[in-house]
Each structure stands twice: as C-alpha cells, then as structure tokens.
Amino acid sequence: MKYFNTEGRCSPRLHYMVNLEPRLELIKKRYIMHGSYFAINRGRQYGKTTTLRQLQEYLKSDYTALFMDFQKIGSEEFLNDRVFIRAFTQVLLTAFDHAGTNPDAAFLKPLAEYSKEASKETELYSLRELFIRLSRVCADAPKPVVLMIDETDSASNSQVFIDFLAMLRAYYLERDNSPIFHSVILAGVYDIKNLKLKIRPQKEHQYNSPWNIAADFDVAMFFSAEQIAGMLEEYETDNETGMDVWEIAAEIYDYTSGYPYLVSAVCRIIDERLPGSERFPDSRAAWTKAGISEAVSRILSEQIPLFQSMVRQFDEHPEIKQMFKNILFQGKRVTYNPYSKVINIATMFGYIVNSDGSIQAANRIFEMWLYNLFLSEEELTDAMYDKAQENYGMFISNGKLNMKLVLEKFCEHFKEIYGGSSEKFVEDYGRKFFLLYLKPIINGTGNYYIEAQTRSARRTDVIVDYLGEQFIIELKIWRGSEYHERGEAQLSGYLDEYHQKTGYLISFNFNKNKQCGVKELQIGDKVIIEAVV
C-alpha cells in the first residue's frame, strides 16, 4: 500500500505524492531546452532530490539525463585533482549505466579508459584532461547529455570543486567549439556564492563565483493547495475516509505554506498515528481540522531533523535568531532586501519569505516552533510563566479552556509583577508575557499562532486552538477611545471570518484613569470579553 513518505525521496509507485508533471514540464521548457546551467537551492527536506529523480525520468525520451549524488564521493576524495577525478569518473559512468546507456557504448570509451588509467596512479591527471574526455563523450553521445548533481553541499569546503565549476564555466562559454553537457543542474541548500565564501573568506573573493553563468531558477518548489488536494484525492479513493478533500487541503496549506516535508509529515501523522486514539477513534475523525491541529502539535513537540538543523543555524548565525525575535515579539517590520547577508542566508535556508516587501516566517509551523523555542528559553526565569503554571488546574474544566478566566488572571498577575512598567517596555514585551502566560496552560494540548497581517507594535491577533475549540484574542496598546472603539468593531468583523460569536481583547492601557479588569461588551451579535491591563 502507498503511504506518505517523510524519509528521503518519494516515488509515485510507493508513496502518495503531488503531481510534479507541471513543474517538470516547466523546467524542461524554460531551462533544459534552452541549454541552461542552473542551481536548485532550497531548504532542507524541500523535495530537491525527488524533483531531480522525477526530472531524469521525464527527460529520458529526448535526453541522456545523468543523476549524480555528491554524497557518494567522500570528503577525502575532494582532497586533490587526482583523487577527485578517479571518484568522479566512476560515479559518472555508473550514472550513464543507470540512465540506460550500455557501459560498453563506443561514445563512452574515452571516459571509461580515462577512469581505468586514473586508478593506476601512474601519471598526473588534471581537470583539463578530464574535460577533454568529457567533451568527446558529449560530442558523440546519441542524445544531448544533461548532468544533475545532487547534494553539492558535500563539496562546500573543497577547492577542487570550485576548480571543477570554473572548468564547467569555461566549457559552457566555448561550447559551440568544444561540446560539453547540454545542461547542468546543481542542487543543494547553499548557493554557489556561499560555497565560494566558505572557501575563500577574504573580501575580494566572497562574491567572485565561477557559477555566474547560471540562469536564475524561478520555479515554485512548494505545493499549492490544489496540488495537495490532488494527492489527497488519490488517498481518499484508496481509503474512503469521507474527508472534505478541499477543506483539508486548504487547512494543511494554511499551516505549511506547501513546504513539502511538512505537508507529508502532517498527512502521515493523521493517517498512521491518530486513528484509534481517544480523540480520533477512526480515520473519519482524524481527517478533520482538529486532526490537523493535533498533527501539528505532535510535529512541534518532537525532535525532527528540520528543526534540529534550524537550531544549528541559529548557533552559527545568531543575527538570524535576533531578527526573528524582533519581528515576532516586537512587531518590527524588516524590509526584504536580498543583498543583506543575513536576509540572504535566512532565505537560502528556507526560513523566511518575502511578503509584500517585508520578511515573514516561511510558514505557520515554523513561526509556531520559533515562538515555542524563544519562550522556552525564558520559562525558567519568567515570573509570568511561573504564575500560570502554579494555577494551571483552574483554567481547564471538563476538557474545556476557560479563556475568560485566563484573561482575568493574566491582568491580575501582570499588574502584580509589571504594573509600574513603561509604555515602551510593554510595546516591546507585552505580547511575549501573554504568550509565556498562555504556554503552560495549553501545555501541548492546544496550539496558538499569530495572524501575520496583524503583527505590529500596536496590534497582535493570537489564534488559539484547544481540543477543537478556537479562541480569537487581540492584543492592543491603548491609543485613545476613538481608536479603541474602532479596534472593537474590527475584532467583531474579524470574528466573522472565523465563524466565532465571542472574541477576546487585551488592552495595555497607560491612561491614569483607566479601570483595570475584565468586562463584556455586546457589539451587534458578537460578545467581546475585554481585559484592561
């Protein structure tokens, strides 16, 4: 039976997958047919290998498409030209074999002979001689040869690889006279400029890349809601769960923004781990919005390679971590500028996207994980967290979260601990204190996330999902009664989008005549429970 795969590349024969054919056709028409050399640089577990493998199959009628994995060439084999040439020719000949080419084909003879000679270690072999042989092979090949190299990050500290790229560039520029690969694709997380930067850190070499011939790769690698729905329709045909395919696809997309690994992880948990549990007795109960929320909770609570990689990158690039803190907690707007080194690196890792000219976390799950990470770093020393944890039991009754009581106690404890704080202090840290207060209360049973379009110094909307019940909470800085009344009306309209009758409002008010506490307001057919701090 097919299943949702989260380990390694996907195969249509074994796994439920989105239909990649439109993507493959676009790559073929826009790049391969033009003879382009280009790089596919995306974050970890973004489907790069799956795309290359599917592309190899897609091109086979018109091209000899070779797939190489640089992880098959050990780091010690990048030490010098001779060792690299020996390993490279062996892997390349194997790639021809896997592409359906007879290893004894006449056009491969120059490369096969060179591989045997290099293994004897009787002469000095050079990249120049290797490319002379490769040129002869490509000139005589019955079909144009497309070279795809996966995991180029494995060569990230190798001068030999940089020299190899420089030779590729030279032959690309002279390919009318010296035939070479019709098209070359390099896949990895790091782009070539950053490989160069790691090898030659001097300023004069940082951006002098030998891969400046590469075409810009502008093909979407994320999954759209429609693509997710297509995958789920195949699953539904096989399993008959009764799910609303389009509703579920849209909800998964809202959480993941189509990040391939996260889409598969959510689906796999719903399929394999939820049915038969107390809350989800069968697949019909699991393939719901509540099931998606539970799957997301489990992803956030587990150690997965994707998040472990993010922690390592934050250690290496603390400025990225600080940038996220400024955006998430202080509502700072950071303009997207691809020439900023910090922004460029965060984009390369797939952590951020350009949203109307501003930086935003690449997807909701990333943002939720970041909030959890940053808040966890302060749990042991934060008094608000301690207060919520001490009173945890009073907020949950019969499996229901009493959000009104949460706001009442938050007001009480915030006044007790931070009552004399400045307006600037609250603008910078108010939302963080509320989230720290909320975190031990929902305690992995529920999720929360921030609506990105409302994240500013003046307004933040927190959406809480707790055992199938949803709460909309707006946090605002008091800016006068007229502004405040507009905010109440705004929240009332916002509740319509979530099909809610009750909303919650926390106002940080610095008016000396303010009345602290919690009150209920009736606005049309909506109830607003407002807490004034």
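Residues numbered from 1 in each chain as written. Predicted model: local features only at pLDDT ≥ 70, side-chain atom pairs only at ≥ 80, totals over all residues. Heavy atoms only, no water.

### Topic: the environment of R284
By the secondary structure assignment, R284 is in helix 11 (residues 283–286). When the C-alpha atoms of R284 and L405 are compared, they prove to be 34 Å apart, with 121 residues separating the residues in sequence. (Helix = DSSP H or I, 4+ residues; strand = E, 2+ residues; numbered from the N terminus.)

### Description of the packing of aromatic side chains
Applying the stated criterion to the full structure yields 44 aromatic pairs. Consider the rings of F161 and F164, whose centres lie 6.3 Å apart with planes at 20 degrees: the pair is stacked. Note that F161 and F164 are positioned in helix 6 (residues 159–173) at a spacing of three residues, about one turn of the helix. Judged by its relative accessible area of 0%, F161 is buried. Every member of this aromatic cluster is reached through a ring pair, and the members are Y46, Y190, Y259, F307, F314, F324, F349, Y351, F366 and W369. (Phe/Tyr/Trp six-rings, centres within 6.5 Å; stacked < 30°, edge-to-face > 60°. Buried < 20%, exposed > 50% of the residue type's maximum accessible area, 1.4 Å probe, protein only.)

### Observations regarding the pattern of salt bridges
For the structure shown, the criterion picks out 21 salt bridges. Here E7 ties to R268 by a salt bridge, and the two come within 3.0 Å at their closest N and O atoms. Taken as a pair, E7 in the segment before helix 1 (21–32) and R268 in helix 10 (residues 260–272) lie far apart in primary sequence, 261 residues in all. Classification of E7 by relative accessible area gives partly exposed; the value is 49%. Here R268 falls in the buried class, since its relative accessible area comes to 18%. One network of salt bridges, in which partners are shared, links D496, K501, D525 and K526. (Salt bridge = Lys/Arg side-chain N within 4 Å of Asp/Glu carboxyl O.)

### Looking at helix 10
Helical geometry: 3.6 residues make up each α-helical turn, so side chains three or four residues apart lie on a common side. Compared with the 18 Å implied by 1.5 Å per residue over 13 residues, the 18 Å span of helix 10 between its first and last C-alpha is a close match. In terms of burial, helix 10 is largely enclosed, as 11 of its 13 residues are buried. When we look at burial in helix 10, the residues that qualify are P260, Y261, L262, V263, S264, A265, V266, C267, R268, I269 and I270. Against helix 8 (225–239), helix 9 (245–256), helix 11, helix 12 (289–301), helix 13 (305–316) and helix 16 (364–376) lie the buried residues of helix 10. (Expected span 1.5 Å × (residues − 1). Contact = heavy atoms within 4.5 Å.)

### Points about the pairing of strand 13 (residues 517–523)
Note: strand 13 against strand 14 (residues 526–532), seven bridges, orientation antiparallel. In the sheet register, I523 faces strand 14, and the bridge partner there is K526. What sits between strand 13 and strand 14 in their antiparallel hairpin is a turn of two residues, with G524 showing a positive phi close to 65 degrees. (Pairing = 2+ DSSP bridges.)

### With respect to helix 3 (residues 81–98)
Between its terminal C-alpha atoms helix 3 stretches 25 Å, which fits the 26 Å expected from 18 residues at 1.5 Å a residue. The set of residues buried in helix 3 consists of R82, F84, I85, R86, A87, F88, T89, V91, L92, A95 and F96. Between a side-chain oxygen at the N-terminus of helix 3 and the backbone nitrogen of R82 the separation is 3.2 Å; the capping residue is N80. A positive phi of about 95 degrees marks G100, the residue just after helix 3. (Polar contact = N/O pair within 3.5 Å; in protein donor to acceptor, adjacent residues only side chain to side chain.)

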